[in-house]
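Understanding the architecture of this molecule
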Amino acid sequence: MSCLQTIADYGLRSIGLGERLLPRTDFTLCQQVTLIGSGLIWNLYFAVFALLIGFFLATGLALARAGRNPVLRGAANGFIFLFRGSPLFIQFFLAYSALVLLPRSGIEVFGLTLPTTWLTRAWAGALLVLILNTAAYSAEIFHGALMAVPRGDIDAADAYGMSGWTRFRRVMWPTMLRLAWPAYTNEAIFLFHATTLVFFSAFPAFQQRGDSLYYASYFAGQTFNPFVAYPIAAGYFIVLTLALIGLMGIVNRRLNRHLPGAADRIRYRPQLFR
Amino acid sequence: MFSYCADPSLLQGFQWMSCYLTSGTHLLFYASFGMVLLLLAVTAPIALAFGYGGAMACRSPIGPLRWVGKTYTGMVRGVPDIVFFLFVPIALDQGLEWLRHQALCDSDAPVRQGNDFVVCAAAKLPLSDSPAWVHDTYALILAVIAFATVFGAFAANVLYGAMQAVPREQLETAEAYGMSARQVTRRVLVPQMWIYALPGLSNLWLILIKATPLLFLLGIEDIVYWARELGGAKTSAFSYPHPDWRLYYFLVILVFYLLMTWISERVLGRLTARLSAGQATLAGEAQRKAATA
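The model shown is predicted, which means the values in this text are computed figures rather than measured ones.

A word on the UniProt feature "transmembrane region" (unreviewed entry) in chain A
Residue and element names in this part refer to chain A. Under the UniProt annotation, the feature "transmembrane region" (unreviewed entry) is placed at residues 44-64, 76-102, 122-142, 188-207 and 227-251. Along residues 188-207, the helical share is 35% and the strand share 0%, with 29 Å between the first and last C-alpha atoms. Annotated as 100% helix and 0% strand, the span residues 227-251 places its first and last C-alpha atoms 37 Å apart.

The structure is reproduced here in structure tokens:
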């Protein structure tokens, strides 16, 4: 079987298209590269949506934490402590065991039956956990940056007659993002790496549709040889991490475009400042 | 545990609960919390030693040693740590068995035959006739090495940064006093780097705490394993039948980790204050001002 045929059969296997059965004997390098690459679809799906939605949630949380309302502040603090103080792995298990307790027949709301089973699937349940998790970590970063917005910037905004929403959108928010961006880049990379945990925690890989590490561990288990499959997965992750750093670097340059010399390359310090 | 626990099917309410929570498997569940603490206590110093070695290798004037150090500290940047947790124990196990195969077996057969990894009985690790606790301990040691490898690489990043942060003038002064490179390192560089390393190491400690449930991935009977075992729905065939209680077990684990984090943050805060005393940093400056005021 040629390698092109393998790619056609297994290239989209992780989302259920192509060959139904995974290869069982005579594993070729091409099969391993193809299937592990196919699993990256899930890693990218989780990372992109968790980061997109988590970003806005985190901004809200950071504002609630910095705000004057004691109820909102307390709630934001509690949320951040809960998700930053406990392991993501346990959060996955906890969320899954809570979601399976929902009634299978659905919940009745105003005569409508809302289905619940989709929540126990990885694409929804695990994404929910990842969104909340990254929101908590990013909120901590954004809050720190919000507190570091220079006093003079806000005075200048006041002098221009800006207030409330306008002042936030035009002055505070861009500065907050600019200051938070290096740390936020680290968080994005960490979240991307954390997506590999999904199918090793409680969430089952429905019809063996898993992420790249799921397939890598499948091959390592079947061939009893960890020296091929895991380096392939590692190689994919290195390339994508570099791409992510590049992408965040472009945003960083845009955020700092009014400050000559400030938009130097982000120094990536993995996970150390979570 | 208690005398009235002899026949669980007759028990009600509080008595049932007290017997249920002190059953043999529950005692193993409680003991596995101790194992998490043990893992932390063993792994942290080893990881720190790996990190120190890595950071020193990065600063080495010898080219190849420096490249090894740079590769080691760089490898955790692009690759998820879970890959290492899955890879290191099995790779190490096979590597050791291969070495023993070369030394102890007199067959010329290759160790990789198709999809199997075959070594002779004498080369097995641990030997197949050794008791169960040897197998458990061996698995735990491999897990500790996997954790120490990953966190050692993180720690090397932190310590390398801290060594670079020690003011250059301090080292030059020491050199001017005629100290050798070794003396400069031991008497000036290492004592001063800790305050610069502390924020990074504190963070690393918190990340290490939160990585401990990954023991479950390595097939070790840890708290996650027991929570799944004990919490799953039990039919009346069991002594203590109950519906799906996994949620409550994982809530207990969650509270355990929140407590660990909370206590650690308190302790590390105090330690930072202690180490800042008399240092040429902003925190040290603030302490001096507070003392004179």
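Focus: the state of the cysteines
Residues and elements named next belong to chain A. As enumerated under the stated definition, the model contains 1 disulfide over all chains in all. The side chain of cysteine 3 participates in a disulfide bridge whose partner is cysteine 30; the two sulfur atoms lie 2.0 Å from each other. The sign of the 90 degrees torsion about the S-S bond sets the cysteine 3-cysteine 30 disulfide as right-handed. In this pair, cysteine 3 is assigned in helix α1 (residues 3-10) and cysteine 30 in helix α2 (residues 29-66), connecting sequence segments 27 residues apart. A residue is classified by how much of its surface remains accessible, and cysteine 3, at 39% relative accessible area, is partly exposed.

Digging into the UniProt feature "transmembrane region" (unreviewed entry) in chain B
Residues and elements named next belong to chain B. Under the feature "transmembrane region" (unreviewed entry), the UniProt entry names residues 27-53, 74-92, 138-160 and 247-264. Taken end to end, residues 27-53 is 100% helix and 0% strand, and its first and last C-alpha atoms sit 39 Å apart. With 100% helix and 0% strand, the stretch residues 247-264 has end C-alpha atoms that lie 26 Å from each other.

Overview of the packing of helix α4 (residues 88-99) of chain A against helix α9 (residues 246-276) of chain B
Interhelical geometry of α4(A) versus α9(B) gives an angle of 155 degrees and a closest axis separation of 9 Å. One element, α4(A), and the other, α9(B), form an angle in the roughly antiparallel class. In the crossing of α4(A) with α9(B), the sense of the turn from one axis to the other is left-handed. Contacts between α4(A) and α9(B) involve Ile90(A), Phe93(A), Leu94(A), Ser97(A) and Ala98(A) from the first element and Arg246(B), Leu247(B), Phe250(B), Leu251(B), Ile253(B), Leu254(B) and Tyr257(B) from the second. Considered class by class, the residues forming the contact of α4(A) with α9(B) number 10 nonpolar, 1 polar and 1 charged.

Remarks on the packing of aromatic side chains
Taken as a whole and assessed by the stated rule, the structure comprises 42 aromatic pairs over all chains. With a centroid separation of 5.3 Å and 90 degrees between ring planes, the pair formed by Phe55(A) and Phe56(A) is classed as edge-to-face. Accessibility expressed as a relative area gives 57% for Phe56(A), which makes it exposed. Ring centres of Tyr20(B) and Trp245(B) lie 5.6 Å apart, and the angle between their planes is 85 degrees; on these two criteria the pair is classed as edge-to-face. Placement of the pair is Tyr20(B) in helix α1 (residues 13-21) and Trp245(B) in the loop between α8 (223-231) and α9, with a sequence separation of 225 residues. Under the relative-accessibility criterion, Tyr20(B) is labelled buried at 5%. Cluster of aromatic residues (ring-pair linked, three or more members): Trp42(A), Tyr45(A), Phe46(A), Phe49(A), Phe199(A), Tyr214(A) and Tyr215(A). It is Arg121(A) that lies over the ring of Phe206(A); its NZ or CZ is 4.8 Å from the centre. Geometry around Phe238(B) places Lys234(B) over its ring, the cationic atom sitting 5.6 Å from the centre.

Things to note about the UniProt feature "domain: ABC transmembrane type-1" (unreviewed entry) in chain B
What UniProt calls "domain: ABC transmembrane type-1" (unreviewed entry) maps, in this numbering, to residues 29-264 of chain B. Counting secondary structure, residues 29-264 of chain B comes out at 73% helix and 2% strand; the distance between its end C-alpha atoms is 23 Å.

About the cut-offs
Residues numbered from 1 in each chain as written. Chains lettered and ligands numbered in written order. Predicted model: local features only at pLDDT ≥ 70, side-chain atom pairs only at ≥ 80, totals over all residues. Heavy atoms only, no water. UniProt positions renumbered as here; feature names shortened; annotations may be inferred. Helix = DSSP H or I, 4+ residues; strand = E, 2+ residues; numbered from the N terminus. Disulfide = S-S within 2.5 Å. Buried < 20%, exposed > 50% of the residue type's maximum accessible area, 1.4 Å probe, protein only. Axes fitted to C-alpha atoms, helices over the stretch in contact; angles between N-to-C directions. Parallel < 35°, antiparallel > 145°, perpendicular 65-115°, else oblique. Left-handed = near helix turned anticlockwise from the far one by under 90°. Contact = heavy atoms within 4.5 Å. Nonpolar A, V, L, I, M, F, W, Y, C, P; charged D, E, K, R; others polar. Phe/Tyr/Trp six-rings, centres within 6.5 Å; stacked < 30°, edge-to-face > 60°. Lys NZ or Arg CZ within 6 Å of the ring centre and 35° of its normal.

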